[in-house]
Amino acid sequence: MSVGRRRAAIIFRLAIVISVLAGIVLTALGPATVTGLLPYFTIQSNVAVGLFAGYAAWRAWQDRPEPPSPLKGAVTLYITITGVVYHLVLANPASPFAMTQPDRAFGEALGNQFLHTVVPLLAVADWTLFDQRGRLRPRYAAWWLAFPLGYLGFALVRGLIVHRYPYPFIDAGQLGYAGVGLSSLFFAFAFWLLGLVFVGVDRGLARRTAPSAAAVEGVLAPRPATEVEAAASPQR
């Protein structure tokens, strides 16, 4: 990675870390506490991408290789899920799982947008601009479901204990376990397809950048002499 790209990557990643911290702190200034926020996939995915971005920024600062692409693809997928589910499902009045949006103070509303909009957009931009291309495989889309499925198990077990569920589509008290199972299958399939989109975009970008790299190599490589030029050159 060139010096200019490394600097840009560091700036992007520090922006992600700052946005995650700002989102959590501003949200915690409202009625919710930090411990009350932790059970939410939103917070867990933001913490994961914030930690990863900090680590990736440090590696770029040290001019070390980028972190593994499958791992970066995973955390980017999870924060993308956070943004997509919030805007299309939870905050969408037309959705059957829409949650009533409370009246938030300015700081809390700003924190909510950091966590659900700003951080996902920055993370996807960082993945698009700076990740190494052509290293993702279709099977990764299935592997990446491990964390969402683990989160589902955590939320259901926690719900048995505290009788509260973080999201309406996994609320066993309202939907029953059959209903939760059905909605979980739908979301797992949607997340798998979204993972395949990441793999497809990665392959498309790899094909797009490969000719450019080959052209640069062709310009820099010495041109072989033609037969006429070889014959005309003085013999030593």
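Note that the structure is a prediction, hence the values are computed from the model and not measured.

Conventions and cut-offs
- Residues numbered from 1 in each chain as written.
- Predicted model: local features only at pLDDT ≥ 70, side-chain atom pairs only at ≥ 80, totals over all residues.
- Heavy atoms only, no water.
- Patch = residues over 30% accessible without salt bridge, like charges linked within 9 Å, V, L, I, M, F, W, Y side chains within 5 Å.
- Areas by Shrake-Rupley, 256 points an atom, 1.4 Å probe, with all protein chains shown as cover.
- Salt bridge = Lys/Arg side-chain N within 4 Å of Asp/Glu carboxyl O.
- Lys, Arg positive; Asp, Glu negative; His and termini not counted.
- Charge placed at Lys NZ, Arg CZ, Asp CG, Glu CD.
- Helix = DSSP H or I, 4+ residues; strand = E, 2+ residues; numbered from the N terminus.
- Buried < 20%, exposed > 50% of the residue type's maximum accessible area, 1.4 Å probe, protein only.
- Core = buried A, V, L, I, M, F, W, Y, C linked by side-chain atoms within 4.5 Å.
- Contact = heavy atoms within 4.5 Å.
- Phe/Tyr/Trp six-rings, centres within 6.5 Å; stacked < 30°, edge-to-face > 60°.

A. Examining a positive patch on the surface more closely. Judged by side-chain charge, Arg137, Arg139, Arg203 and Arg207 come together as a positively charged surface patch. Turning to its location among the elements, Arg203 is positioned in helix α8 (residues 172-220). Exposure remark for Arg203: the relative accessible area of 36% places this residue in the partly exposed category.

B. Local environment of the pattern of salt bridges. Applying the stated criterion across every chain, the model contains seven salt bridges. For the salt bridge of Glu66 with Lys72, the shortest nitrogen-to-oxygen distance reads 4.0 Å. Side by side, Glu66 and Lys72 carry an identical accessibility label, which is buried. Bridged by salt links that share partners, the residues Arg13, Glu66, Lys72 and Asp126 form one connected network.

C. Fine view of the nonpolar core. Trp144, Phe169 and Ile170 are the most contacted members of the largest nonpolar core, which totals 29 residues. Counting residues per element, the ones that place at least two in this core are α4 (69-90), α7 (146-162) and α8. No other element matches α4, which puts eight residues into this core. Setting aside residues no more than four positions away along its own chain, Phe169 makes contact with Val85, Val89, Leu90, Phe97, Leu175, Val180, Ser183 and Phe187.

D. Geometry of the packing of aromatic side chains. Evaluation of the coordinates by the stated rule reveals 18 aromatic pairs. On the basis of an interplanar angle of 65° and a centroid distance of 5.6 Å, the ring pair of Phe12 and Phe130 is categorised as edge-to-face. Taken together, the residues span a long stretch of sequence, with Phe12 in helix α1 (residues 3-28) and Phe130 in helix α5 (residues 106-130) at a distance of 118 residues. With centroids separated by 5.4 Å and ring planes inclined at 35°, the aromatic side chains of Phe41 and Phe147 adopt a geometry described as tilted. On the criterion of sequence distance, the pair formed by Phe41 in helix α3 (residues 41-61) and Phe147 in helix α7 is long-range, its members being 106 residues apart. Overall, the relative accessible area of 9% leaves Phe41 in the buried class.

Honestly, it's all geometry; don't read function into it.
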